[in-house]
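# Fold and geometry: a report
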Amino acid sequence: LVLQKVQAEERLPADLQERLTQTTDLSRFIENTIDTWPAVLGFEGERTYLVLFQNNMEIRPGGGFIGSYGLLTLENGQMSDFKINDVYDADGQLTEHVEPPAPLRRYLGASHWYLRDSNFAVDFTRNASLAQDFLTKETHDSVNGVIAIDTLFLKNMLEAMGSVTVPDYNTTVTADNFYQLTQTHAQKDFFPGSSQKKDFLRALSHSMLMKVAEDKSLSYAALLAQLGKSLQEKDLLLAFNDHSLQKVYTVNNLSSSMWD
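Bear in mind that the values here come from a model prediction, so they are computed numbers and not experimental data.

What counts and how
Each chain has its residues counted from 1, following the order in which its sequence is written. It should be noted that, the model being predicted, local features are given only for residues of pLDDT at least 70 and side-chain atom pairs only at 80 or more, the latter also being counted only at that level, while totals for whole chains, interfaces and linings use all residues. Remark: hydrogens and water are excluded; side-chain values derive from all non-hydrogen atoms of the structure. The rule for a salt bridge is simple: a side-chain nitrogen of Lys or Arg has to be within 4 Å of a carboxyl oxygen of Asp or Glu. Grouping buried Ala, Val, Leu, Ile, Met, Phe, Trp, Tyr and Cys residues that are joined through side-chain atoms within 4.5 Å yields what is termed a nonpolar core. Working definition: with a 1.4 Å probe on protein chains only, accessible area under 20% of the residue-type maximum means buried, over 50% means exposed, and in between means partly exposed. In DSSP terms, a helix is any run of H or I states spanning at least four residues, a strand is any run of E spanning at least two, and both are numbered starting from the N terminus. By the convention used here, residues are in contact when the closest approach between their heavy atoms is within 4.5 Å. Stacked, edge-to-face and tilted labels apply to pairs of Phe, Tyr and Trp rings (six-membered ring for Trp) whose centres lie within 6.5 Å, assigned for plane angles under 30 degrees, over 60, and everything in between, in that order. As used in this structure description, the phrase polar contact means that two N or O atoms lie within 3.5 Å; if the pair is within protein, one of them must be able to donate a hydrogen and the other to accept it, and residues adjacent in sequence are counted only when both atoms belong to side chains. Paired strands, in this sense, are two strands between which DSSP finds at least two bridges. Comment: axis = line fitted to C-alpha atoms, over the contacting stretch for helices; angle = value between 0 and 180 degrees taken between N-to-C directions.

### Regarding the pattern of salt bridges
For the structure shown, the criterion picks out seven salt bridges. Of the charged contacts in the structure, one is a salt bridge between D81 and K83, with a shortest N-O distance of 3.9 Å. A cluster of three or more residues bridged by salt bridges with shared partners is formed by E58, R60 and D117.

### A short note on the nonpolar core
Counting residues in hydrophobic clusters, the biggest one holds 38 residues, and the most contacted among them are I147, I149, V173, L204, M208 and L238. Counting residues per element, this core draws most heavily on helix α7 (residues 151-161), at six residues. Excluding residues within four positions of it along the chain, L238 makes contact with F29, F124, V146, I147, L231, Q246, Y249, L254 and S255. Counting 24 residues, the second largest nonpolar core, distinct from the first, contains A110, F124, A128 and A148.

### Digging into the packing of aromatic side chains
Describing an aromatic ring pair means giving the distance of the ring centres and the angle of the ring planes. Following the criterion strictly, the structure yields five aromatic pairs and no others. When the centroid spacing of 4.8 Å and the interplanar angle of 55 degrees are considered together, the rings of F240 and Y249 count as tilted. The exposure class assigned to Y249 is buried, which follows from its relative accessible area of 2%. Members of the aromatic cluster, each reached through a chain of ring pairs, are Y49, F240 and Y249.

### Remarks on α7
Note on helix geometry: an α-helix contains 3.6 residues per turn, so any two residues three or four positions apart are oriented the same way. Of all eleven residues making up α7, eight are buried, and the element is well covered by its neighbours. Those residues of α7 that fall on the buried side of the exposure criterion are T151, F153, L154, N156, M157, L158, A160 and M161. The backbone nitrogen of L152 lies 3.0 Å from a side-chain oxygen of the residue at the head of α7, namely D150.

### Some details on the environment of L231
Take L231: it is sitting in helix α10 (residues 220-232). The buried category is assigned to L231, whose relative accessible area is 6%. Note: C-alpha distance between L231 and S255 (24 residues apart in sequence) is 9.3 Å. The contacts of L231, once residues within four sequence positions are left out, are F29, L236, L238 and L254.

### A closer look at the sheet that holds strand β1 (residues 47-55)
Taken together, the five strands give an open sheet; going across it, the order is β3-β2-β1-β4-β7, and neighbouring strands pair in mixed fashion. On the outer flanks of this sheet lie β3 (78-86) and β7 (236-240), each paired with one strand and no other. For this sheet, the mean angle separating the axes of adjacent strands, direction not counted, is 20 degrees. Across six bridges, the pairing between β1 and strand β4 (residues 145-150) is parallel. Across the sheet, Q54 pairs through a bridge with D150, a residue of β4. On the sheet, helix α6 (residues 124-139) packs against β1, β2 (65-75), β4 and β7 and is oriented at approximately 110 degrees with respect to β4.

Read these as geometric descriptors, not functional statements.
As structure tokens, then:
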């Protein structure tokens, strides 16, 4: 209550006010969702989530073009598996025709509808449901929910980490060069069926996770602050198949859901 009073009266320096706002966002997220964590994090059984990497530099109604996707498996609060794939690998396995929305056909010349363009709604819960349908049609995988992140989410995490070395590519990734390096590895010498984009993202994600696990000098407060910022600014979106779980995230505006 004291913190809220001080913030409301704007008696703090601007930089401290911003930091406290980010911390408050994260605290509110924890307070409002912590009861769901045992189920979400796999303490009540293994959970697998579809992770959509949305490129917000190539805008779509749901946040950005889906260039890659991952399958994240959690069990007892720990990540047991995380595989990243190029979305075209999955889309190439679709054996049936799915009619695209009229604007996709008209303005993008799309004659079929695929996972990569599934985020056509502004309501993320609708996109999540569609993405799961496409995933099942294309790869026969099933998941317990969908997580969407964009380039700003990864950039936010890199802001907190400072820099991450990716040994497989002999390069150091920072918040400043992240997007350029990702685009370079995605487009340089590209050919249909190439795996260079997913390989780079996989290597970068692995390096980021290793740094979080092993770097004792890393500021977890900074990481949490950036996580709160990403949730607040919708660079990280969450949707779950379990309706009782989803209600919690919907009413707390964590799924970009047009529920009203």
